[in-house]
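Each chain, written out:
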Amino acid sequence: MSDAGPIVGIVIVSHSPDVAKGAADMVRQMVGEEVPLAWCGGAPGGGLGTDVAEILAAIGRAWSEAGVAILVDIGGAETNSEMAIELLPEERRGRVVVCDAPVVEGAVIAAVEACGGAPLAEVQVVAESLTA
Amino acid sequence: MQIDAAVQRGLVLAVAEAIIAHANELTALDQAIGDGDHGINMKRGFEAVLADLDAIVAKPLPQALQAVGMALVMKVGGASGPLFGTLFLTLGKSLPERPTRADAEQALAAAIDAVKARGKSDVGAKTMLDALAPVLDAARAAGADWRARLPEVADAAVAATAPMKALRGRASFLGERSIGHVDPGARSVAVMVRAVCTA
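Residues numbered from 1 in each chain as written. Chains lettered and ligands numbered in written order. Predicted model: local features only at pLDDT ≥ 70, side-chain atom pairs only at ≥ 80, totals over all residues.

**Focus on the interface of chain A and chain B**
And step 1. Counting residues at the interface gives 14 residues for chain A, matched by 16 residues for chain B.
And step 2. Counting only elements with at least two residues in the side of chain A that touches chain B, the list comes to α2 (52-61) and α3 (76-86) of chain A.
And step 3. Ranked by residue count, the leading element in the side of chain A that touches chain B is α3 of chain A, at four residues.
And step 4. For the side of chain A that touches chain B, the per-class residue count stands at six nonpolar, seven polar and one charged. (Contact = placed C-beta atoms within 7 Å. Helix = DSSP H or I, 4+ residues; strand = E, 2+ residues; numbered from the N terminus. Nonpolar A, V, L, I, M, F, W, Y, C, P; charged D, E, K, R; others polar.)

**Focus: the sheet that holds strand β4 (residues 96-99) of chain A**
Residue and element names in this part refer to chain A.
And step 1. Strand order across the open sheet formed by four strands is β2-β1-β3-β4, with parallel pairing between neighbours. Of all strands in the sheet, those with a lone pairing partner are β2 (37-41) and β4, marking the two edges. For this sheet, the mean inter-axis angle between neighbouring strands, taken without regard to orientation, is 20 degrees.
And step 2. Where strand β1 (residues 9-14) meets strand β3 (residues 68-72), five bridges bridge the pair, whose relative direction is parallel. Looking at β3, one finds that Ile-12 is bridged to Leu-71.
And step 3. Relative to the sheet, helix α1 (residues 17-31) contacts β1 and β2, its axis offset from that of β2 by approximately 165 degrees. (Pairing = 2+ DSSP bridges. Axes fitted to C-alpha atoms, helices over the stretch in contact; angles between N-to-C directions.)

**Overview of the packing of helix α6 (residues 80-94) of chain B against helix α7 (residues 101-119) of chain B**
Residues and elements named next belong to chain B.
And step 1. Relative to each other, α6 and α7 sit at 145 degrees, their axes nearing to 8 Å. By crossing handedness, the relation of α6 to α7 is classed as right-handed. Residues Pro-82, Leu-83, Thr-86, Leu-87, Thr-90, Leu-91 and Ser-94 of α6 pack against Gln-106, Ala-107, Leu-108, Ala-110, Ala-111, Ala-114, Val-115, Arg-118 and Gly-119 of α7.
And step 2. Residues of the contact of α6 with α7, tallied by class, amount to 10 nonpolar, five polar and one charged. (Left-handed = near helix turned anticlockwise from the far one by under 90°.)

**Focus: the confidence of the model for chain B**
All names here are of chain B.
And step 1. When pLDDT is averaged across chain B, the result is 94; 98% of the residues are at 70 or more.
And step 2. Ranking the helices and strands of chain B by mean pLDDT puts helix α8 (residues 129-141) first, with 98, and helix α2 (residues 23-33) last, with 94.
And step 3. Complex prediction metrics read pTM 0.92 and ipTM 0.85. (pLDDT = per-residue confidence, 0-100.)

**Re the pairing of β4 of chain A**
Residues and elements named next belong to chain A.
And step 1. Here β4 shows a buried face lined by Val-96 and Val-98 and a second buried face lined by Val-97 and Cys-99.
And step 2. With four bridges joining them, β3 and β4 adopt parallel strand pairing. Each residue of the ladder has a partner; that of Ile-70, found in β4, is Val-98. (Buried ≥ 20, exposed ≤ 12 C-beta atoms within 10 Å, placed from the backbone.)

Spelled out as structure tokens, the structure:
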């Protein structure tokens, strides 16, 4: 399937590094190493929260020419992820989306979809189908 | 409005020190209806501003404000980072180096619009916007007494958030139970407004 072209990358952003890493572990178990995957969690300097610089770094680690889907938990994770997207170089900015989906389920289903070669828009739609 | 280097330093310092001094109060407000980290987060952001104060105030006013905004974006760690960061970033992008009062009002209006877009919110949702918008209205209406008037308006606007039901942010999870508590973000705005007006 990877011959079909680049696979959409997945970034997991949680207030808690434990939640982010745990969700990433579940994604890895589902799709192996084929999907570019990165996670981050925790405020700058520690504690629960999210860190724009870490989100930017995670987008870089999971970067794919097919784009990157970000899964977030709540509140600041979403706002900080949207801020991070705005700080990306212009040529990357349009190829990163924040999915309105539960972080664990969303990350797993987005990764499965990405693994199947779906384009970014489709990965986002499938992840967001989890949101009632 | 002549904003020389010393005045600029005084303004940034006053805002940063005021937020840091009110950090415990802001956190207590956030414990009532949010996740209890607003004061801690804002303090971390403004400590980053203070750590870089010399470099920030050496810049012309627009760039100095943008540097404050970027420090908040990168260091706050919660939604307040991009929200208050966007406020300062947009003020910086909108103000000329030597702003008139009309320039300041226009810049504040642009910054309020940017915060609305960043937070996908509007006035009436029990957020920082519920302090910012009345302050802008009061700035446009006030005469030479603006330094006395704006902090009063901001404090009244904070109190007016108590009966509101939160529609955005973590407090919105509480629904009706958010009623009766003032909004921590609005309170932060009022702390900043008083700091600027009394600096």
